[in-house]
Amino acid sequence: MLKNFARILYLTGLILVWGSFVKAQNQLTPANLALLNKLQISLADISDSTFNIESDEGKIAQNTHFVKELVKALKTPHSYAFNFDSLKNISILKAPNNSFKIFTWSLALSNGTYKFYGTIQLPTKDGQLKLVPLNDATSQISDPDAVTNAKNWYGARYYEIIPVSSYNNQPSYFILLGWKGYTDKTTQKVIEVLTLDKDEAIFGKKIFETAVNSNTLKNRVIFEYSSKNSMTLTYNRSVSMIVFDHLAPYEPSMKDQFEYYVSDSSFDGYTINYNRFKLKENIALKNDPSVQDEHYKPPVKATTLLKKAN
């Protein structure tokens, strides 16, 4: 009985501590909230104008201005509690356990390739800024299956986050599903793994089967297909797995020429397990999984949406 009582006290203490922490994250004063709303409008203007610039140098310079303004906004005390939900050209995901937020976006360059940008914001008790900037090093990564870090990030614009609970005293991690404009001929989508270890970001984990019941595992999954087509990659809760289009070339002779790869109208998937994501082929689905098939469309001007809202 005493043990049960002690356990209840312990759990109650944890709840109170967590409640205080969550409360601290929401201490946005009216003045700071007004400032963040003002900065958000400025950020939307800068973001919109970036897409109207023709030269790569001009786009990159304007994006640098955007980054500086974003950091300025995030330096506002308790900005972690602010959603920035009017920034339509940026993906902002919050971990279900509230342990971080991740911001990702891209720039389309004149040669058909893309440059990706991102940062991870961590919550702090005093509301001060704590960031882990992400550096897109795609062109320098010789092995796309390598485990990387924030300084050597296989850049993508993430649109979905899936938590994977800790197991056997091993740390929990997160699955990120992302869109990666790649070249003028091909597009990629990515199943990425993010682990936060002492506020350091680690990308990749050897958990994905390369084939059904294969003993060979890889650290991330990269799909490449024709940029003229779309691809479904999403977490389907009805079957509790990551579901995706099976990609195949138009003709067998086009194997490994990814500009000719498209969906063949069948679906494969990964069942979620801490140590090993098992590959399943030809999944029978009751519902169309295409919640957001392409997860990328031409940018919508955030300033236009703001004006409509007002």
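Before reading further, recall that the structure is shown in the block above.
Residues numbered from 1 in each chain as written. Predicted model: local features only at pLDDT ≥ 70, side-chain atom pairs only at ≥ 80, totals over all residues. Heavy atoms only, no water.

A.B. asks: In this structure, what is going on with the overall build of the protein chain? I would like to understand it.
C.D. replies: Of the regular secondary structure elements, the protein chain holds four helices and 16 strands. Sequence-distant contacts, at least 24 apart, represent 56% of the contacts inside the protein chain between residues at least 6 apart. Total accessible area on the protein chain stands at roughly 16,700 Å², and carbon and sulfur atoms take up 53% of it. (Helix = DSSP H or I, 4+ residues; strand = E, 2+ residues; numbered from the N terminus. Contact = heavy atoms within 4.5 Å. Areas by Shrake-Rupley, 256 points an atom, 1.4 Å probe, with all protein chains shown as cover.)

A.B. asks: Would you take a moment to explain the nonpolar core for this structure?
C.D. replies: It is characteristic of soluble globular proteins that their nonpolar side chains tend to be buried jointly. Judged by nonpolar contacts, the single largest core of 44 residues is most densely connected at Ile175, Ile191 and Ile242. Considering each element in turn, this core owes the most residues, six residues, to strand β7 (residues 173-181). Beyond its immediate stretch of four places on either side in the chain, Ile191 contacts Ile175, Leu176, Leu177, Phe208, Arg220, Val221, Phe223, Leu233, Ile242 and Tyr270. Counting 17 residues, the second-largest nonpolar core is a separate cluster that includes Leu39, Leu43, Ile90 and Tyr117. (Core = buried A, V, L, I, M, F, W, Y, C linked by side-chain atoms within 4.5 Å. Buried < 20%, exposed > 50% of the residue type's maximum accessible area, 1.4 Å probe, protein only.)

A.B. asks: Looking at this structure, how should I read helix α3 (residues 56-74)?
C.D. replies: Each α-helix winds once per 3.6 residues, and so residues spaced three or four apart point in a common direction. Here α3 spans 26 Å end to end across 19 residues, near enough to the 27 Å set by a 1.5 Å rise per residue. All buried positions along α3 are accounted for by Asp56, Lys59, Gln62, Asn63, Phe66, Glu69, Leu70, Ala73 and Leu74. Burial along α3 is one-sided: seen end-on, the buried residues are contained in an arc of 140°. In α3, the exposed positions angled more than 90 degrees off the buried face are occupied by Glu57 and Lys68. The inward-facing, buried residues of α3 contact α2 (30-50), β2 (101-108), β3 (114-121) and β4 (131-135). (Expected span 1.5 Å × (residues − 1). Arc of directions from axis to C-beta.)

A.B. asks: How do you make sense of the sheet that holds strand β15 (residues 261-271) when you look at a structure like this?
C.D. replies: Across a sheet, paired strands are connected by hydrogen bonds in the backbone, their directions being either parallel or antiparallel. On the basis of which strands lie adjacent, the open sheet formed by four strands has the order β13-β14-β15-β16 and antiparallel pairing. Strand pairing shows two members of the sheet lacking a second neighbour, β13 (233-236) and β16 (278-280), which therefore form its edges. Strand-to-strand, the axes of this sheet are offset by a mean angle of 35°, without reference to chain direction. Relative to β16, β15 is paired through three bridges, and the arrangement is antiparallel. Each bridged residue has a counterpart across the sheet, and for Tyr270 the counterpart in β16 is Leu279. (Pairing = 2+ DSSP bridges. Axes fitted to C-alpha atoms, helices over the stretch in contact; angles between N-to-C directions.)

A.B. asks: Even after reading the chapter, I still don't get the packing of aromatic side chains, so can you show me in this structure?
C.D. replies: For any two aromatic rings, the description comes down to two numbers: the centre-to-centre distance and the angle of the planes. Within this structure, the stated rule accounts for 17 aromatic pairs. Aromatic side chains Tyr114 and Trp179 sit 5.2 Å apart centroid to centroid with 90° between the ring planes, which places their arrangement in the edge-to-face category. Taken together, the residues Tyr114 in strand β3 and Trp179 in strand β7 connect sequence positions 65 residues apart. Residue class for Tyr114 comes out partly exposed when judged on its relative accessible area of 23%. The buried category is assigned to Trp179, whose relative accessible area is 3%. Grouped by ring-pair contacts, the aromatic residues Phe208, Phe223, Phe244, Tyr270 and Phe277 constitute a single cluster. For Lys101, the ring lying beneath its charged end belongs to Tyr80, and the centroid distance is 5.4 Å. Lys180 extends its terminal NZ or CZ atom over the ring of Tyr154, reaching a point 4.4 Å from the ring centre. (Phe/Tyr/Trp six-rings, centres within 6.5 Å; stacked < 30°, edge-to-face > 60°. Lys NZ or Arg CZ within 6 Å of the ring centre and 35° of its normal.)

A.B. asks: I tried to follow α2 on my own but got confused; where do I start?
C.D. replies: Taking 1.5 Å per residue, 21 residues should reach 30 Å; α2 reaches 30 Å between its end C-alpha atoms and fits that length. Looking at α2, one finds that the buried residues are Asn32, Leu36, Leu39, Gln40, Leu43, Ala44, Ile46, Ser47, Asp48 and Thr50.

A.B. asks: Which parts of the structure should I look at to understand the sheet that holds β4?
C.D. replies: The strand order across the open sheet built from four strands is β1-β2-β3-β4, with neighbouring strands paired in antiparallel fashion. Looking at which strands have only one partner, the edges of the open sheet turn out to be β1 (91-94) and β4. Strand-to-strand twist of the sheet, defined as the mean angle between neighbouring strand axes without regard to direction, takes the value 15°. As defined by bridge partners, β1 adjoins β2 across four bridges and the pair is classed as antiparallel. Bridge assignment links Lys94 to a residue of β2, and that residue is Lys101. Across the sheet, α3 touches β2, β3 and β4, and the angle it forms with β2 is around 165°.

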